[in-house]
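# Examining the three-dimensional arrangement
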Amino acid sequence: MPKEQLRYDRMVEAALRSVVRDAIAQVAENGLPGNHHFYLTFRTTFPGVQIPDFLRTQYPNEMTIVLQYQFYGLEVSETGFSVTLSFNNVHENLVIPFAAITTFADPSVNFALQFQAAAPADSAEIETMPARKDEGDAAPAETKRGEVVALDAFRKK
């Protein structure tokens, strides 16, 4: 029986997601410095994602939010973050597991990371995120494995 192989793809993915977590945690603690702002794209059907039903209807697969001028109550945990944003002048709270994020970008410094949404079985962090009451039957997103993402395109030259 062959031995299990080291899953470098999972290790790299976890390390890069920690960059996202650390950046958001710094903003939660100190606010956005300078011109920094974040674009975060996430899978709306991912287990643990909590968004209002009207947003889930409008964005059935993926949604992008911007943390720049008007966001409130940004809180970060090991597994995800919550933030209150305004939609049509109504404040709504969103809860987003880091494993649901597919793109993180800070255009002010030309920095971006792209991920495949983690499969729930691949991510222990999913188990600790509270699920929506109506989210129990959601199917996990299909995941590609072993994909290399080049970061050179996002670096300043």
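Here we summarise the structure given alongside this text. Nothing here was measured: the structure is a model prediction, and the numbers come from that model. (Residues numbered from 1 in each chain as written. Predicted model: local features only at pLDDT ≥ 70, side-chain atom pairs only at ≥ 80, totals over all residues. Heavy atoms only, no water.)

Another aspect to go through is the pairing of strand β7 (residues 111–114). With four bridges joining them, strand β6 (residues 101–106) and β7 adopt antiparallel strand pairing. Within β7, the residue paired with A105 across the bridge is A112. In textbook terms, the turn of a hairpin is the stretch between consecutive antiparallel strands, and for β6 and β7 this stretch comprises four residues, one of which, N110, has a positive phi near 55°. (Pairing = 2+ DSSP bridges. Helix = DSSP H or I, 4+ residues; strand = E, 2+ residues; numbered from the N terminus.)

All right, on to the pattern of salt bridges then. Per the counting criterion, the structure on display carries four salt bridges. E13 is paired through a salt bridge with R17; the nearest N and O atoms lie 3.0 Å apart. One end of the pair is E13 and the other is R17, both in helix α1 (residues 8–30) and four residues apart, which spans about a single turn. Residue classification places E13 among the partly exposed residues on the basis of a relative accessible area of 24%. Residue E78 is joined to R21 by a salt bridge in which the shortest nitrogen-to-oxygen separation is 3.9 Å. Taken together, the positions of E78 in the loop between β3 (71–76) and β4 (80–87) and R21 in helix α1 put the pair 57 residues apart, joining distant regions of the chain. Overall, the relative accessible area of 60% leaves E78 in the exposed class. (Salt bridge = Lys/Arg side-chain N within 4 Å of Asp/Glu carboxyl O. Buried < 20%, exposed > 50% of the residue type's maximum accessible area, 1.4 Å probe, protein only.)

This part is about the environment of F42. Examined against the element boundaries, F42 turns out to sit in strand β1 (residues 38–43). The contact partners of F42, leaving out residues within four places of it in the chain, are V49, I51, N61, E62, M63, I65, L94, I96, A100, I101 and T102. (Contact = heavy atoms within 4.5 Å.)

Moving on, we come to the sheet that holds β4. A sheet is described by the order of its strands in space; here three strands give the open sequence β3-β4-β5, paired in antiparallel fashion. Of all the strands in the sheet, just β3 and β5 (90–97) have a single pairing partner and so form its edges. Taking each pair of neighbouring strands and ignoring which way they run, the sheet shows an average axis angle of 15°. The sheet strands contacting α1 are β3 and β4, and the helix crosses β3 at an angle near 125°. (Axes fitted to C-alpha atoms, helices over the stretch in contact; angles between N-to-C directions.)

Turning our eyes to something else, we now look at the environment of D22. Relative to the assigned elements, D22 resides in helix α1. Considering only alpha carbons, one finds D22 and E78, 56 residues apart in sequence, at a separation of 9.6 Å.

Next up on the list: the packing of aromatic side chains. Here the structure, examined in full by the defined rule, presents four aromatic pairs. With 6.3 Å between their ring centres and 80° between their planes, F54 and F87 make a pair best called edge-to-face. Residue F54 is located in helix α2 (residues 53–58), and its partner F87 is located in strand β4; the two are separated by 33 residues in the primary sequence. When its relative accessible area of 36% is taken as the criterion, F54 is described as partly exposed. On the basis of relative accessibility, which here comes to 17%, the residue F87 falls in the buried class. For the pair F104 and F111, a centre-to-centre distance of 6.4 Å together with 70° between the ring planes defines the contact as edge-to-face. Residue classification places F111 among the partly exposed residues on the basis of a relative accessible area of 32%. (Phe/Tyr/Trp six-rings, centres within 6.5 Å; stacked < 30°, edge-to-face > 60°.)

If you check α1, its first and last C-alpha atoms are 33 Å apart, about what 23 residues at 1.5 Å a residue would give, namely 33 Å. R17, S18, V20, R21, A23, I24 and V27 are the residues of α1 that are buried. Buried residues belonging to α1 abut β1, β3, β4, β6 and β7. Among the residues trailing α1, G31 stands out with phi positive, at a value near 85°. (Expected span 1.5 Å × (residues − 1).)

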